[in-house]
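These are the residues of each chain, in order.
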Amino acid sequence: MSNLTILRTYAQKAPETLPPSILFKQSAKNITIFDGYPKSIFHFLILPRIQEPLTADTLRSLPSLLKGDKEQAKSVIDAIAEDAKAVKKEIQEEMVERYGFKWDIWTGFHGVPSMEHLHLHVLSADLCSERMKNKKHYNSFHPKLGFFLHLNDVLSWFDAESSYFSNQIKNLKPSNYEPILKEPLACFHCRSEMKNIPSLKAHLQEEWDKLERRAKRPAPRKRKAPNAESQADNTEATGSKRAKSEAEEPETASGTI
DNA sequence: GTTCTAGAAC
DNA sequence: GTTCTAGAAC
């Protein structure tokens, strides 16, 4: 069912010929498909279609695209970004319909993808899925480890010095990224280290449950008197006391190797 | 990328 | 004895 070039065959075909179980949507330049082995509650792939001046070879991977014409590379990634924005919006709507709240969505490329043909991952920030089975799966999507190259970071390379741009390309090699996949299992919410996959999965589920509870907690009532600094709280259950969670940390751009 | 499974870890 | 990881796949 899935060989390592299956994505290229999807990108090559007329989108209309793809079954609805695979194709989520299409645009002039891309197709969006359901990830066959979703690692989060929502998980899609956006692939540039092989057409016009673009060749399968150019679109083989991020480095192959970036090593070619820079303006062409930029327009390919911009078009992917545009579709990613629309897909994110649809995911958010379905989050509300199915779960009653919204949580983060990540968009990015793998530093070293195992499947050929450029593909952007668009996935909900939970990593709660039956298919999330091993350390390699987990670390490849961990938002801070650096294996997952956030779309906005990749886009920013185009605005940097050209020496920086070429350095980023040069660094996109397996020897820089493979070691990341072997790093310890650290929760992406709170950084705590887990002994093994089963305990990590149980912990991630708890973290997600916590997000849900937090999102669904009734909003605290507004104070009406500007001077009323009194700490008197009506109920101990509402969240006015919760100062800041251990999970909250300033968002930093993912480190590059 | 997955599946399968030997043997390490507990 | 069972759980879990990690390397081979002809």
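Treat the numbers as computed from the prediction; the structure is a model and nothing was measured. (Residues numbered from 1 in each chain as written. Chains lettered and ligands numbered in written order. Predicted model: local features only at pLDDT ≥ 70, side-chain atom pairs only at ≥ 80, totals over all residues. Heavy atoms only, no water.)

Another point: the packing of aromatic side chains. In this structure the tally under the stated criterion is 14 aromatic pairs. Centre to centre, the rings of Phe34 and Phe44 are 5.3 Å apart; their planes meet at 40 degrees, and the pair counts as tilted. Here Phe34, found in strand β2 (residues 30-34), pairs with Phe44, found in strand β3 (residues 43-48); they are 10 residues apart in sequence, far enough to count as distant. With a relative accessible area of 6%, Phe44 lands in the buried category. Look at Trp106 and Phe188: their rings are 4.9 Å apart centre to centre, the planes differ by 75 degrees, and that puts the pair in the edge-to-face class. Of this pair, Trp106 sits in strand β4 (residues 105-110) while Phe188 sits in the loop between β7 (185-186) and β8 (193-194), and the two are 82 residues apart along the sequence. For Phe188, a relative accessible area of 11% translates into the label buried. One aromatic cluster is present, built from ring pairs that chain together Phe42, Tyr99, Phe101, Trp103 and Trp208. (Phe/Tyr/Trp six-rings, centres within 6.5 Å; stacked < 30°, edge-to-face > 60°. Helix = DSSP H or I, 4+ residues; strand = E, 2+ residues; numbered from the N terminus. Buried < 20%, exposed > 50% of the residue type's maximum accessible area, 1.4 Å probe, protein only.)

With that settled, the discussion passes to the nonpolar core. Core analysis: the biggest nonpolar cluster contains 67 residues, and Tyr10, Leu62, Leu66, Ile77, Val122 and Leu204 have the highest contact counts within it. Per-element tally for this core: the top contributor is helix α3 (residues 70-99), with nine residues. With sequence-adjacent residues up to four places away left out, Leu66 is seen in contact with Ala73, Ile77, Trp157, Phe158, Phe165, Ile169 and Leu172. (Core = buried A, V, L, I, M, F, W, Y, C linked by side-chain atoms within 4.5 Å. Contact = heavy atoms within 4.5 Å.)

So, about the confidence of the model for chain A. When pLDDT drops low, the exact placement of atoms in the prediction is not to be read closely. Considering every residue of chain A, the mean pLDDT works out to 91; 87% of them sit at 70 or more. Taken as a whole, residues 235-240 scores under 50 in pLDDT and shows two contacts with residues more than four places along the chain or in a different chain. Low confidence marks residues 242-257, where pLDDT is under 50. Its contacts with residues over four positions away, or in another chain, come to 22 contacts. (pLDDT = per-residue confidence, 0-100.)

Locating His121 in the fold gives a position in strand β5 (residues 120-124). By relative accessible area, which is 4% here, His121 ends up buried. There is a polar contact of 2.9 Å between the side chain of His121 and the side chain of His43. Dropping the residues within four chain positions of it, His121 is found in contact with Asp35, His43, Phe44, Leu45, Trp106, Thr107, Gly108, His110, Phe141 and Phe148. (Polar contact = N/O pair within 3.5 Å; in protein donor to acceptor, adjacent residues only side chain to side chain.)

Here the focus is the sheet that holds β2. Strand order in this open sheet of six strands is β1-β2-β3-β5-β4-β6, and the pairing throughout is antiparallel. Every interior strand has two partners, whereas the edge strands, β1 (23-26) and β6 (148-150), have only one. Ignoring strand direction, the axes of neighbouring strands in this sheet form an average angle of 30 degrees. Relative to β6, β4 runs antiparallel, the two sharing three bridges. From the neighbouring strand, His110 faces β6, where its bridge partner is Phe148. Along the sheet, α3 makes contact with β1, β2, β3, β4 and β5, crossing β3 at roughly 155 degrees. (Pairing = 2+ DSSP bridges. Axes fitted to C-alpha atoms, helices over the stretch in contact; angles between N-to-C directions.)

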